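One letter stands for each residue in the lines below.
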Amino acid sequence: MGGNGKRRWKISFYSRSKPTQTQQQQQQPPKEFLCPISGSLMFDPVVVSSGQTFERLSVQVCHDLGFIPTLQDNSLPDFTTVIPNLAIKTTIQNWCDSSGTQHPPAPDYSSLEEIIREKMKYSSPSASSLSKSMQLSPDIRVSERELLKAVAENPPLLFSHANTELTHRVNHFYSSSSEESVIVNTAATPSASPPTPLPLATRPACYSSTSSSSNSIAESETLTVTENPKLSREEDEIVEKLKSLDVRDQEQGLISLRKITRTKEETRVSLCTPRLLSALRTLFPSRYFSVQTNAIASLVNLSLEKVNKVKIVRSGFIPLLIDVLKGGFDEAQEHAAGALFSLALEDENKMAIGVLGALQPLMHMLRAESERARHDSSLALYHLSLIQSNRVKLVKLGAVSMLLSMVKSGDLASRLLLVLCNLAACNEGRSAMLDANAVAILVGILREGGGGDSEVIRENCVAALFALSHGSMRFKGLAKEARAVEVLREIEERGNNRAREKAKRILMMMRGRDEEDEDICWEEVLESGGISRTRYRAGGRNLPGPNSTNF
């Protein structure tokens, strides 16, 4: 105590040494910040239908010149749809600020035209022929040509439906409760950012295999594509039927493809060729029930192999799957949700799926009548919310209030709590959850016992509270108001190991902040003017600041 009667307390400041000029010059931008066409930092990045990100003007110049570039992985991008990629634009600007690099200037049309014309000289024959065909009809846009092609391949003829060999499945695939548990590394210090839960099931509920085993799955994941005359003949036959104008042939080809990719796992990699994917893609908009349903079910089977996931997204299937979620047949919607879940397991696909607009339709499917559709949509949202850009999008779409309402009613509670855990790992999600009274709702669920899967739900509720408690000055007051301490103490005594450890951490953090509050003289902090409310770190070394979360 000083003579003025005010308490004295210590504040430790953190300072980061600025990189030297030499270090700044040596720092190179990440590859994903560079336009694949120009090779320069992107000024206005956009995502195209096939999932890649380009400089907007590069796409425009390619369109004007009628040129489709061949990328490093020998794939051809689809420029039909162009969507601003605000997440990567912000990330590029933040990187420029932190590395001392000048923000990328707006590109020059003539310079890009010169670069692209140079690439056209060395383009592959297929790209050249495509360029010439585009230049012959400059007034027809890519989307219009595809529309005309689709009309030609799908005439309004009436055919009877072929009897599908694959009917509604009775035995659904669900993950066990142990797979749905949140596994948080509680050994980390309280100041560390709250780690996100581990992945759940790896296969959609709409998929069921009659001949799968752990050995065959392991073998299929390491399978290398080899020339197999039998598979080549099968592919030729299937593609020929898929391209037929006769709906009966389309149905038979799809049934054959769906069956062979369901029962013979080793064929999934071999059959996932650009030619087959292109033929399969044209059948998604079909208004024949068995055509649309079997086409999407076949894609689900192909997407189960890791090496196929990025290839499928880059082939332009995401906008088609979104359209099916919005207005397809009921069973086709189930398979579309399963396909998005399967594709979202691959980290490289997560941003593209979110940017292309899949989040809102998946949120809508959480209230679908089909249990399988709800199951796969919830898991798709969980995996997509593992990255920051999708978390922010979900918050802006109003996901927090919707998810809390569903969790409170017990609908998909164990799975949706995991999505809330991911949202609580970012500042925007944490603020939205605190504003939506999430602390009181979660404590209320814990007090009532959790409902059906009580043990899993209780653990996931504690995990969500644990994530909310990091970097939030409001959490302690809201937790006290909801009488969380008595509930957490009970879990600390009677819960499972993971729930007990997280409850213990929360109580320690609350007690630690109480002690720090007794030593803080807020008048001196505000009068000093040398520190902001959101960037201080008072006394205790283990208190996380509001901006300490890492993504």
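Since we're looking at a predicted model, the values are computed, not measured. (Residues numbered from 1 in each chain as written. Predicted model: local features only at pLDDT ≥ 70, side-chain atom pairs only at ≥ 80, totals over all residues. Heavy atoms only, no water.)

## Some thoughts on the side chain of Asn-85
You can see Asn-85 is positioned in the loop between strand 3 (82-84) and helix 3 (86-99). On the basis of relative accessibility, which here comes to 1%, the residue Asn-85 falls in the buried class. Excluding residues within four positions of it along the chain, Asn-85 makes contact with Pro-45, Val-46, Val-47, Thr-53, Met-351 and Val-355. (Helix = DSSP H or I, 4+ residues; strand = E, 2+ residues; numbered from the N terminus. Buried < 20%, exposed > 50% of the residue type's maximum accessible area, 1.4 Å probe, protein only. Contact = heavy atoms within 4.5 Å.)

## Let's talk about the packing of helix 21 (residues 413-423) against helix 24 (residues 454-468)
Where helix 21 meets helix 24, the axes come as close as 9 Å, and the angle between the chain directions of the two elements is 15°. Considering their axes alone, helix 21 and helix 24 lie roughly parallel with respect to each other. Once helix 21 is placed against helix 24, the crossing between them reads as left-handed. Residues Ala-413, Ser-414, Leu-417, Leu-418 and Cys-421 of helix 21 form the contact with helix 24, whose own contacting residues are Val-456, Ile-457, Asn-460, Cys-461, Ala-463, Ala-464 and Ala-467. By residue class, the composition of the contact of helix 21 with helix 24 is ten nonpolar, two polar and no charged. (Axes fitted to C-alpha atoms, helices over the stretch in contact; angles between N-to-C directions. Parallel < 35°, antiparallel > 145°, perpendicular 65-115°, else oblique. Left-handed = near helix turned anticlockwise from the far one by under 90°. Nonpolar A, V, L, I, M, F, W, Y, C, P; charged D, E, K, R; others polar.)

## Some details on the pattern of salt bridges
In the structure shown here, the tally under the stated rule is 17 salt bridges. We note a salt bridge from Arg-56 to Asp-44, for which the minimum N-O separation is 2.7 Å. In this pair, Arg-56 sits in helix 2 (residues 56-65) while Asp-44 sits in the loop between helix 1 (21-26) and strand 1 (45-48), placing the two residues twelve residues apart along the sequence. For Arg-56, a relative accessible area of 32% gives the class partly exposed. The closest approach of N and O atoms between Arg-281 and Asp-78, which form a salt bridge, is 2.7 Å. Within this pair, whereas Arg-281 is found in helix 11 (residues 274-281), its partner Asp-78 is found in the loop between helix 2 and strand 3, the two being separated by 203 residues in sequence. Judged by its relative accessible area of 9%, Asp-78 falls in the buried class. (Salt bridge = Lys/Arg side-chain N within 4 Å of Asp/Glu carboxyl O.)

## Structural notes on the sheet that holds strand 3
Ordered in space as 2-1-3, the three strands form an open sheet in which the pairing is antiparallel. Because the sheet does not close on itself, it has two edges, and the strands there are strand 2 (53-55) and strand 3. Averaged over all adjacent pairs, the angle separating strand axes in this sheet is 45°, with direction ignored. Inspection of the sheet shows strand 1 paired to strand 2 by three bridges, in the antiparallel sense. Across the sheet, residue Val-46 finds its bridge partner in strand 2, namely Phe-54. (Pairing = 2+ DSSP bridges.)

## Some points on the nonpolar core
Leu-280, Phe-284, Ile-318, Leu-321, Val-439, Leu-465 and Leu-468 are the most contacted members of the largest nonpolar core, which has 107 residues in total. Top element by residues in this core is helix 24. It accounts for nine residues. Leaving out residues up to four positions away in the same chain, Ile-318 has contacts with Val-313, Leu-340, Leu-343, Ile-353 and Leu-356. Counting 22 residues, the second largest nonpolar core, distinct from the first, contains Phe-33, Phe-79, Leu-112 and Ile-116. (Core = buried A, V, L, I, M, F, W, Y, C linked by side-chain atoms within 4.5 Å.)

## Some words on the packing of aromatic side chains
On inspection of all chains with the given rule, the structure shows four aromatic pairs. Centroid distance Phe-33 to Trp-95: 6.1 Å. Interplanar angle 70°. Geometry classified as edge-to-face. With a gap of 62 residues between them, Phe-33 in the loop between helix 1 and strand 1 and Trp-95 in helix 3 connect regions that are remote in the sequence. The same class applies to Phe-33 and to Trp-95, which are both buried. The residue whose ring lies beneath Arg-287 is Phe-329, and the NZ or CZ to ring-centre distance is 4.8 Å. (Phe/Tyr/Trp six-rings, centres within 6.5 Å; stacked < 30°, edge-to-face > 60°. Lys NZ or Arg CZ within 6 Å of the ring centre and 35° of its normal.)

## Brief notes about the UniProt feature "repeat: ARM" (unreviewed entry) in the chain
Feature annotation in UniProt assigns "repeat: ARM" (unreviewed entry) to the following positions: residues 316-353. Across residues 316-353 one finds 84% helix and 0% strand; the C-alpha atoms that close the span lie 11 Å apart. (UniProt positions renumbered as here; feature names shortened; annotations may be inferred.)

## Some thoughts on helix 9 (residues 247-263)
Over its 17 residues, helix 9 extends 24 Å from the first C-alpha to the last, a length consistent with the 24 Å expected when each residue adds 1.5 Å. For helix 9, the complete set of buried residues consists of Val-247, Gln-250, Glu-251, Gly-253, Leu-254, Ile-255, Leu-257, Arg-258, Ile-260, Thr-261 and Arg-262. Between the side-chain oxygen at the start of helix 9 and the backbone nitrogen of Arg-248 there is a gap of 2.8 Å, and the oxygen is on Asp-246. (Expected span 1.5 Å × (residues − 1). Polar contact = N/O pair within 3.5 Å; in protein donor to acceptor, adjacent residues only side chain to side chain.)

## Topic: the environment of Val-439
The topology assignment puts Val-439 in helix 23 (residues 438-448). Judged by relative accessible area, Val-439 falls into the buried class, the value being 3%. Considering only alpha carbons, one finds Val-439 and Leu-478, 39 residues apart in sequence, at a separation of 6.5 Å. If we ignore the near neighbours within four places in the chain, the residues touching Val-439 are Leu-434, Leu-465, Leu-468, Phe-475, Leu-478, Ala-479 and Ala-482.

## A closer look at the side chain of Glu-459
Tracing the backbone shows Glu-459 in helix 24. Residue class for Glu-459 comes out buried when judged on its relative accessible area of 1%. One polar contact links Glu-459 to Arg-498, side chain to side chain, over a distance of 2.7 Å.

## Focus on the state of the cysteines
With the rule as written, the count across this model stands at zero disulfides. In this model Cys-421 remains outside any disulfide bridge; the closest cysteine sulfur is found in Cys-461, 8.6 Å from its own. (Disulfide = S-S within 2.5 Å.)

## Remarks on the packing of helix 12 (residues 289-303) against helix 13 (residues 306-314)
Interaxial distance between helix 12 and helix 13 falls to 8 Å at its minimum, and their mutual angle equals 135°. In this view, helix 12 runs oblique relative to helix 13, as classed from their interaxial angle. Counted together, Leu-299, Leu-302 and Ser-303 of helix 12 and Asn-308, Lys-309 and Ile-312 of helix 13 form the full contact between these two elements. The residue makeup of the contact of helix 12 with helix 13, split by class, is three nonpolar, two polar and one charged.

## Remarks on unusual backbone geometry
Residue Asn-437 is not a glycine yet carries a positive backbone phi of 65°. Its place among the elements puts Asn-437 in the loop between helix 22 (427-435) and helix 23. A positive phi angle is found at Arg-483, which is not glycine, with a value near 55°. Position of Arg-483 among the secondary structure elements: in the loop between helix 25 (475-481) and helix 26 (484-494).

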